[in-house]
Amino acid sequence: MAHQFESGAFFHGQAAWHGLGTVLDGTMPAREAFALADADWQVISTPIFDPAGMPIEGWQRIARADTDATLSVKADSYTIVQNEQLIRIAEAVREDITMDAVVVLDGGKRVAFTALVNQSETDVLPGDSVYQYLVGCTSHDGTVAFQTMFSPIRVVCQNTLSAALGHAENKRMAKRRMSVRHTTNANAIIDRLPEIICFKRQQFTAGIEELKIMATKPCLAADFRKYCENVFADQLAGVTNDKRGDKTTQRPKKLEDLACWDSIANKFNGEGIGFDIKGVQGTYWGAYQAVSEYLTHDAGRSKDAIENARQRLESIWWGTAANTLTKAHQLALTA
């Protein structure tokens, strides 16, 4: 299917970035949600054969049982973790969560769910709410470990899963993340995850406190410029030419050379979502939100708006945007 979206279900009337999948005004239990999203299929392992029809030792084909579509080719040491494990995690804490989305991407290579933790709304500033979400995801091609995590997501970005994995990579967020590689003991370890999720939830409060700290720190125009120079330091490395191809006009790169700069600067100066809330503009919370809003809403160079949205979501989950948001979070907190 186009844009690597295979299937999905989205709840609370919140359509996805691509407009595809099934959207419901309400919600439903995890197992029903996975079924509606066509995410409850089994994963199988089959032998791989050489041109002569002989099995190739040490390797296996990972495939969907329902369609027999190949998801990956892995060494025999790779252990299959079924989508059922994600369902079981969500069911284990069903009294504390409300399902929000289930998605299948790239033909089934990646599967993820997000669920709102009940009664978890917290204000960073009065009127500027952050919710707590439980996020679970896995891959069947080895690109992502099976993992569950708690993630603070701004209410305006709930259908993007925001920077869930980016936050999870932050050392300060490590205690709120549980990751399991697809190795021999993977399923035995996953069986224990429901036992510890309730304890991990208690540590979410620390993450909210970090966001509140950002909101107490003034960030003037000069501070914001320096902040962005540090956030995008990798993109500012090296030199550029004022005139294309003319090395005599060569100079160090500056923020104005970045395609994202005007959009981010305008958001920080009051055009961003929620910047009408008292205490957002002129703070490091506002600086962080200006960067995150650009990455979750505006980034992308494709002429196709839906393709841009897909690339943003993939990048926020598993790509460079996750790393950039992690860096933006750390810099806003330590400024």
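## Re the pairing of strand S9 (residues 128-139)
Next up, step 1: Judged by how many residues are buried, S9 sits mostly within the fold: 12 of 12 residues are covered.
Next up, step 2: Burial along S9 is two-sided: the face carrying Asp128, Val130, Gln132, Leu134, Gly136 and Thr138 and the face carrying Ser129, Tyr131, Tyr133, Val135, Cys137 and Ser139 are both buried.
Next up, step 3: With 7 bridges joining them, strand S7 (residues 110-117) and S9 adopt antiparallel strand pairing. Bridged to Arg110 within S9 is Ser139.
Next up, step 4: Bridging between strand S8 (residues 122-125) and S9 involves 3 bridges; their strand directions are antiparallel. Its bridge partner lying in S9, Thr122 is registered against Val130.
Next up, step 5: Linkage of S8 to S9, two consecutive antiparallel strands, is achieved through a turn of 2 residues, within which Gly127 is found at a positive phi near 90 degrees.

## Some details on the sheet that holds strand S5 (residues 70-75)
Next up, step 1: Across the sheet, which stays open at both edges, the 3 strands sit in the order S3-S4-S5 with antiparallel pairing between neighbours. Looking along the sheet, the strands with just one partner apiece sit at the ends: strand S3 (43-46) and S5. Taking each pair of neighbouring strands and ignoring which way they run, the sheet shows an average axis angle of 30 degrees.

## Topic: a nonpolar patch on the surface
Next up, step 1: On the surface, a nonpolar cluster with roughly 280 Å² of combined accessible area is contributed by Ile56, Trp59 and Val73.
Next up, step 2: Within the secondary structure layout, Ile56 lies in the loop between S3 and strand S4 (59-64).

## Description of helix H7 (residues 221-231)
Next up, step 1: Buried within H7 are the following residues: Phe224, Tyr227, Cys228 and Val231. Each buried residue of H7 lies within a common arc of 95 degrees when the element is viewed along its axis, so the set occupies one face.
Next up, step 2: Buried residues belonging to H7 abut helix H8 (233-236), helix H9 (261-271), helix H10 (284-298) and helix H12 (320-334).

## Examining the state of the cysteines
Put plainly, a disulfide is one covalent bond tying together the sulfur atoms of two cysteines.
Next up, step 1: Inspection of the entire model under this criterion finds 0 disulfides.
Next up, step 2: Not part of a disulfide, Cys260 finds its nearest cysteine sulfur in Cys228, a span of 7.6 Å.
Next up, step 3: Classification of Cys260 by relative accessible area gives buried; the value is 6%.

## Thoughts on the nonpolar core
Next up, step 1: In terms of nonpolar packing, the biggest core is built from 37 residues, with Phe224, Tyr227, Ile264 and Trp285 touching the most fellow members.
Next up, step 2: A per-element tally of this core places H10 first, with 8 residues.
Next up, step 3: Counting residues in hydrophobic clusters, the runner-up holds 34 residues, among them Leu86, Val93, Val102 and Val104.

## Digging into the packing of H7 against H10
Next up, step 1: Where H7 meets H10, the closest approach of the two axes is 11 Å, and the angle between their N-to-C directions is 45 degrees. In terms of axis orientation, H7 runs oblique to H10. Note that H7 runs across H10; the crossing there is right-handed. Each of Asp223, Phe224, Tyr227 and Val231 in H7 lies in contact with H10, whose residues at this interface are Tyr284, Ala287, Tyr288, Ala290 and Val291.
Next up, step 2: Its residues assigned to classes, the contact of H7 with H10 shows 8 nonpolar, no polar and 1 charged.

Criteria and cut-off values
- Residues numbered from 1 in each chain as written.
- Predicted model: local features only at pLDDT ≥ 70, side-chain atom pairs only at ≥ 80, totals over all residues.
- Heavy atoms only, no water.
- Buried < 20%, exposed > 50% of the residue type's maximum accessible area, 1.4 Å probe, protein only.
- Helix = DSSP H or I, 4+ residues; strand = E, 2+ residues; numbered from the N terminus.
- Pairing = 2+ DSSP bridges.
- Axes fitted to C-alpha atoms, helices over the stretch in contact; angles between N-to-C directions.
- Patch = residues over 30% accessible without salt bridge, like charges linked within 9 Å, V, L, I, M, F, W, Y side chains within 5 Å.
- Areas by Shrake-Rupley, 256 points an atom, 1.4 Å probe, with all protein chains shown as cover.
- Salt bridge = Lys/Arg side-chain N within 4 Å of Asp/Glu carboxyl O.
- Arc of directions from axis to C-beta.
- Contact = heavy atoms within 4.5 Å.
- Disulfide = S-S within 2.5 Å.
- Core = buried A, V, L, I, M, F, W, Y, C linked by side-chain atoms within 4.5 Å.
- Parallel < 35°, antiparallel > 145°, perpendicular 65-115°, else oblique.
- Left-handed = near helix turned anticlockwise from the far one by under 90°.
- Nonpolar A, V, L, I, M, F, W, Y, C, P; charged D, E, K, R; others polar.

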